Amino acid sequence: QVHLVESGGGLVQPGGSLRLSCAASRTIFSFNTMGWYRQAPGKERELVAEVTSSGLKNYADSVKGRFTISEDNARNTIDLQMNSLKPEDTAVYYCQVQYIQFYYWGQGTQVTVSS
């Protein structure tokens, strides 16, 4: 069993930055993949960024060059640095990890980009 708790969401103006953090109940070294997804109202959940246990990173085209996913081994977190935020980035952001053959999700954190 893995518990994930996201934090760092909020309201930000266009062009601003936010840093999301996902705290895991197990060491992040035990995960095969770690990622951030988002779901906007009326839309399906989509991948934002992911990182594998070997360090390979993958980003959605819409966030390349603006978002960065990283792992903090000391804090046992998976972080998402979001810069140059746009109104279309508004969504609930979810953390997901793969542990053995199972996928676990956090409860989500709201990000709203608006002036």
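Conventions adopted
Residues numbered from 1 in each chain as written. Predicted model: local features only at pLDDT ≥ 70, side-chain atom pairs only at ≥ 80, totals over all residues. Heavy atoms only, no water. Pairing = 2+ DSSP bridges. Helix = DSSP H or I, 4+ residues; strand = E, 2+ residues; numbered from the N terminus. Axes fitted to C-alpha atoms, helices over the stretch in contact; angles between N-to-C directions.

In this section: the pairing of strand β5 (residues 46-52). Successive side chains on a regular strand alternate, one facing one side of the sheet and the next facing the other. Sheet topology note: the strand β4 (residues 33-39)/β5 ladder contains six bridges and is antiparallel. Of the residues in β5, the one forming a bridge with Arg 38 is Glu 46. Taking the residues between adjacent antiparallel strands as the criterion, β4 and β5 are bridged by six residues, where Gly 42 takes a positive phi near 80°. Where β5 lies against strand β6 (residues 57-59), three bridges are found, and the strand directions are antiparallel. Bridging from a neighbouring strand, Val 51 pairs with Lys 57 of β6.

The strands that make up a sheet pair up through hydrogen bonds in the backbone, lying either parallel or antiparallel. If you trace the four strands from one edge of the open sheet to the other, you get β1-β3-β8-β7, paired in antiparallel fashion. Of all strands in the sheet, those with a lone pairing partner are β1 (4-7) and β7 (67-72), marking the two edges. Shown here is a sheet whose adjacent strand axes are inclined to one another by a mean of 15°, direction ignored. Bridge count between strand β3 (residues 18-24) and strand β8 (residues 77-82): six bridges; the pairing is antiparallel.

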